[in-house]
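Take a look at the letters that make up each chain.
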Amino acid sequence: MATFLYKLGRLAFRRRHFVALIWVALLTLAGVGAASAPAAGNTSFSVPGTEAQKAFDLLEQRFPGMSADGATARVVFKAPGGEKMTDHDHKATVEKTVKELGRGSEVASVADPYTGHAVSKNGTIAYASVKYKVSGMELEDSSKDALKEAAQHARDAGLTVEIGGDALSAAPKTGSSEVIGIAIAAVVLVITFGSLLAAGFPLLTAIIGVGIGVSTITALAGALDLGSTTSTLASMIGLAVGIDYALFIVSRYRAELAEGREREEAAGRAVGTAGSAVVFAGLTVVIALVGLSVVDIPMLTKMGIAAAGTVAVAVLIALTMIPALLGYAGRRIKPTGAKSKLLGGGRTPKKPGRPNMGTRWASFVVRRPVAVLLLGVLGLGAAAIPAASLELGLPDDGSQPASTTQRRAYDLLSEGFGPGFNGPLTVVVDAKDSAHPEKAFTEVGDEIKGLKDVVTVTPALANKAGDTATITVVPGSKPSSHTTEDLVHAIRGKGADIAEQTDSKVLVTGSTAMNIDVSQKLNDALLPYLALVVGLAFLLLIVVFRSVLVPLKAALGFLLSVLAALGAVVAVFQWGWLFSLMNVEQTGPVMSMMPIFMVGVVFGLAMDYEVFLVTRMREAFVHGETPSQAVVTGFRHGARVVTAAAVIMIAVFSGFIGSTESMVKMIGFGLAIAVFFDAFIVRMAIVPAVLALLGRRAWWLPKWLDRALPNVDVEGDGLRAPSAGEEERELVRV
């Protein structure tokens, strides 16, 4: 591996014009494809295998044109103080608004509040239900604009009007957050390299890689049914790893220059050593992202594969375009320790030969490994304690910021009709095989009325064939509550009993039931996903490090950091700690996707830091240093760069904490705190402490396994022959 990449790095350095031309051509081709591709709607959402999805599919089949999974909107009206919605003027305004709402081409139906019994008991609040032919993700902007205009006309007439439902759902905008992240990354890179030019290379290649990846996703969006969330995830992950990978290769190149090597040779060695780590680090990220397919949610699978493709592009760019750019830069890229004149280069250092911060820290850790290990483990363990109280769910309009119309509509409906009115359940009765369908419909309704937390049960509405009916059930509790979840399970339990008696099937669906089923599906997939990702990466790291204990330590450290991060998420978003600092308006269950999302993304980034830091230690050990000296050498060369990479990632993810979307805010905080825990506590403290305690045992590998494993030579041992005459580097005394 190292020899092949060494030759690739030298070739890219010499043939830099050709390499640069290839990447510019690919970027142009992807850009043209994205620009010429037909506009694609947002991706459709389905969850195969769940009861809610089966019910949706059945409704589409038995109720043609009903658009069971179509978007819905509830236009909620409230009369001014002391007045009622039944007053003549207000009633006329609402009826006019209802006619206006029904004009859109995508509108399936509009229910008048006065004919549909949608006026509260005290007469102050009413709502009109709008049903669309397409899902909220596929709804055209023109339909959303028409909905907003109709509501505004009613406001102009003196009513308070808010819009709930999923018709106005939109992907959160993160452009400003990405710009802030890139700006902070630029500052950190300049400080790390002491050179504007060297700092610019990782940013340039990362942006080109993300440009190719996102443009390709845009070009294929229509054909593959990819939505805006897919490109958002791909850009976030691609930008993160793209900067990291280029950062490590440029840093190794400058270190090779500092040892007196010619520039082409230094480029080849940088790609052969650091590039090997980049390849395997990239493979761990790809495994984590592609592994999302085990969840069996098509949208999540597509997002993972698309992001994995962007990571693969980032790896290829780091291996080829970075050495090409280094060839263009020539002597303007300084060796490690030297700064450009603009940033203070040429000055005499105050304390020449003083060990850097990484060396001093590693020397301290190897002298006090037990204390550092205990402090790190106990600290993360304490942070993980709140994770024992983790409650999972999916956000609804009740978790939206109070400034949004969806949240205000949610509150108005709760005020007028009760909290459960915001999450009605749709019970589908399939009586196709029943001898008495109408009797089955009646029995289901009667059984549901006797359950706890049921406020309203509407009469069964049968299809034309008379073999299928829908029953709307309004719970007494809010949609995201455990009580509502228990009601869904209770109805399904009753349905199983009724099925035996009447030869009919009872299915529960609707947005609330779908959220419950998705949460359960994600919970069930977490352990298999964790086993798959950690297992495959464990095998991969055995090949990289030629050790059993080092990969085991890496996996256990990752689990500890993820649990600590989940604990922090629970403390802030579920318990309400630091809620004012984080601008958390509403506490509640943690998003169901959060654990599996954190496992995938954080695992990939954590293994990046593990590979880059420990491969340098492995390299030093293989080349003759003692285990303790190898730990210090690894930190001397890698700690500064890993620190810079972690700070960049934390800055990028922290930018999302400022989002008004609670889900985006939670993801940003969770990923930022997880990277902090993993990079600075696990990789910078626990890892060197464990390696210092294990000594030579850390690199133990059974002989039979050593013979069976391929020799990928990540540490670049095969590159020592060309420089056999060079003096050995001075060992760091510990």
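Scoring rules and cut-offs
Residues numbered from 1 in each chain as written. Predicted model: local features only at pLDDT ≥ 70, side-chain atom pairs only at ≥ 80, totals over all residues. Heavy atoms only, no water. Helix = DSSP H or I, 4+ residues; strand = E, 2+ residues; numbered from the N terminus. Expected span 1.5 Å × (residues − 1). Buried < 20%, exposed > 50% of the residue type's maximum accessible area, 1.4 Å probe, protein only. Contact = heavy atoms within 4.5 Å. Salt bridge = Lys/Arg side-chain N within 4 Å of Asp/Glu carboxyl O. Axes fitted to C-alpha atoms, helices over the stretch in contact; angles between N-to-C directions. Parallel < 35°, antiparallel > 145°, perpendicular 65-115°, else oblique. Left-handed = near helix turned anticlockwise from the far one by under 90°. Nonpolar A, V, L, I, M, F, W, Y, C, P; charged D, E, K, R; others polar. Polar contact = N/O pair within 3.5 Å; in protein donor to acceptor, adjacent residues only side chain to side chain. Patch = residues over 30% accessible without salt bridge, like charges linked within 9 Å, V, L, I, M, F, W, Y side chains within 5 Å. Areas by Shrake-Rupley, 256 points an atom, 1.4 Å probe, with all protein chains shown as cover. Lys, Arg positive; Asp, Glu negative; His and termini not counted. Charge placed at Lys NZ, Arg CZ, Asp CG, Glu CD. Pairing = 2+ DSSP bridges. Phe/Tyr/Trp six-rings, centres within 6.5 Å; stacked < 30°, edge-to-face > 60°. Lys NZ or Arg CZ within 6 Å of the ring centre and 35° of its normal. pLDDT = per-residue confidence, 0-100. Core = buried A, V, L, I, M, F, W, Y, C linked by side-chain atoms within 4.5 Å.

1. Here we look at helix H15 (residues 482–502)
Step number 1: With 21 residues, H15 should cover 30 Å at 1.5 Å per step; its first-to-last C-alpha distance of 30 Å lies within 8% of that length.
Step number 2: For H15, the set of buried residues is Thr484, Leu487, Val488, Ile491, Arg492, Gly495, Ile498 and Thr502.
Step number 3: Directly after H15, the chain includes Asp503, whose backbone phi takes a positive value near 60°.

2. Some words on the side chain of Glu162
Step number 1: Among the structural elements, Glu162 can be located in strand E4 (residues 160–165).
Step number 2: By relative accessible area, which is 8% here, Glu162 ends up buried.
Step number 3: Glu162 has contacts with Arg74, Val75, Val76, Arg155, Thr405, Arg408, Ala409 and Leu412, leaving out every residue within four places of it along the chain.

3. Observations concerning the pattern of salt bridges
Step number 1: Considering all chains together, one arrives at 20 salt bridges under this definition.
Step number 2: Glu264 is the partner of Arg10 in a salt bridge, and the nearest nitrogen-oxygen pair spans 3.1 Å. On the criterion of sequence distance, the pair formed by Arg10 in helix H1 (residues 2–14) and Glu264 in helix H9 (residues 263–290) is long-range, its members being 254 residues apart.
Step number 3: On the basis of relative accessible area, Arg10 is assigned to the partly exposed category, the value being 25%.
Step number 4: Connected through salt bridges with shared partners, the residues Arg10, Arg14, Glu264, Glu265 and Arg269 form a single ionic network.

4. Notes on unusual backbone geometry
It is generally the case that most residues other than glycine have a negative phi and that most peptide bonds are trans.
Step number 1: Of note, Asp296 is a non-glycine position whose phi angle comes to about 65°, a positive value.
Step number 2: Among the secondary structure elements, Asp296 is positioned in the loop between H9 and helix H10 (298–329).
Step number 3: When its relative accessible area of 38% is taken as the criterion, Asp296 is described as partly exposed.
Step number 4: Within the chain, Asp453 stands out as a residue other than glycine whose phi angle is a positive 70°.
Step number 5: Tracing the backbone through its elements, the reader meets Asp453 in the loop between helix H14 (437–449) and strand E7 (454–457).
Step number 6: Relative accessible area serves as the criterion here: at 23%, Asp453 is assigned to the partly exposed category.

5. Here's the deal with the packing of H9 against helix H18 (residues 594–622)
Step number 1: Packing of H9 against H18 leaves a shortest axis separation of 8 Å and a crossing angle of 160°. In terms of orientation, H9 lies roughly antiparallel with respect to H18. The chirality of how H9 crosses H18 is right-handed. Mapping the contact onto sequence places Ala274, Ala277, Val278, Ala281, Gly282, Thr284, Val285 and Ala288 in H9 and Gly600, Phe603, Gly604, Met607, Asp608, Val611, Phe612 and Thr615 in H18.
Step number 2: Its residues placed into classes, the contact of H9 with H18 shows 10 nonpolar, 5 polar and 1 charged.

6. What about the side chain of Arg546?
Step number 1: With respect to the helices, strands and loops of the structure, Arg546 is situated in the loop between helix H16 (511–545) and helix H17 (549–574).
Step number 2: Classification of Arg546 as buried rests on a relative accessible area of 10%.
Step number 3: Here Asp706 takes part through its side chain, which lies 2.7 Å from a polar atom of the side chain of Arg546.
Step number 4: Among the polar contacts made by the side chain of Arg546, one reaches the main-chain carbonyl oxygen of Pro710 at a distance of 2.9 Å.
Step number 5: If sequence neighbours within four positions are ignored, Arg546 has contacts with Leu541, Arg618, Trp699, Trp700, Leu701, Asp706, Leu709, Pro710 and Asn711.

7. Observations regarding a negative patch on the surface
Step number 1: A surface patch of negative charge is lined by Glu140, Asp141, Asp145 and Glu149.
Step number 2: By secondary structure assignment, the location of Glu140 is in the loop between strand E3 (125–132) and helix H5 (141–156).
Step number 3: On the basis of relative accessibility, which here comes to 46%, the residue Glu140 falls in the partly exposed class.

8. Some details on the sheet that holds E4
Remark on secondary structure: sheet strands pair via backbone hydrogen bonds, oriented parallel or antiparallel.
Step number 1: If you walk across this open sheet you meet the 4 strands as E2-E3-E1-E4, and the pairing is antiparallel. Two strands lie at the open edges of the sheet, namely strand E2 (107–111) and E4, each paired on one side alone. Direction aside, the axes of adjacent strands within the sheet are offset by 20° on average.
Step number 2: Here E2 runs beside E3; their pairing, made up of 4 bridges, is antiparallel.

9. What to know about the packing of aromatic side chains
Step number 1: In the structure shown here, the tally under the stated rule is 9 aromatic pairs.
Step number 2: Look at Phe621 and Trp699: their rings are 5.8 Å apart centre to centre, the planes differ by 25°, and that puts the pair in the stacked class. Separated by 78 residues along the polypeptide, Phe621 in helix H18 and Trp699 in the loop between helix H20 (662–694) and helix H21 (703–708) bring together distant segments of the chain. Like Trp699, Phe621 is buried.
Step number 3: Put simply, the rings of Tyr127, Phe417 and Phe421 pair up and form one aromatic cluster.
Step number 4: One cation-aromatic arrangement involves Arg16 over Phe13; the distance from NZ or CZ to the ring centre is 5.5 Å.
Step number 5: Here the basic side chain of Arg74 rests over the ring of Tyr127, its NZ or CZ set 5.3 Å away from the ring centre.

10. Overview of a nonpolar patch on the surface
Step number 1: Side chains of Val294, Leu532, Leu536 and Leu539 sit close together on the surface and give an oily, nonpolar patch of about 310 Å² of accessible area.
Step number 2: Given the relative accessible area of 35%, Val294 is considered partly exposed.

11. Quick word on the pairing of strand E6 (residues 425–430)
Step number 1: Burial within E6 is extensive, with 5 of its 6 residues counted as buried.
Step number 2: Bridge analysis of E6 against strand E9 (residues 468–475) gives 6 bridges, and the strand direction is antiparallel. Along E9, the bridge assignment pairs Val427 with Ile471.

12. Focus on the confidence of the model for the protein chain
Step number 1: On average, residues of the protein chain score 82 in pLDDT, and 88% of them are at 70 or above.
Step number 2: By mean pLDDT, helix H6 (residues 175–193) is the weakest element of the protein chain at 71, and helix H12 (residues 369–384) is the strongest at 93.
Step number 3: When the criterion is pLDDT under 50, residues 346–350 qualifies, and its contacts beyond four places in sequence or with other chains add up to 0 contacts.
Step number 4: The model gives residues 722–734 a pLDDT under 50, and that stretch makes 24 contacts with residues more than four places away or in other chains.

13. Section: the nonpolar core
Step number 1: Ile237, Tyr245, Ile249, Tyr253, Phe558, Phe653 and Leu671 are the most contacted members of the largest nonpolar core, which totals 169 residues.
Step number 2: Setting aside residues up to four positions removed in sequence, Tyr253 forms contacts with Phe13, Arg263, Ala266, Ala267, Ala270, Leu326 and Ile333.
Step number 3: In terms of nonpolar packing, the next biggest core, distinct from the first, is built from 25 residues, Val75, Leu147, Ala151 and Leu159 among them.

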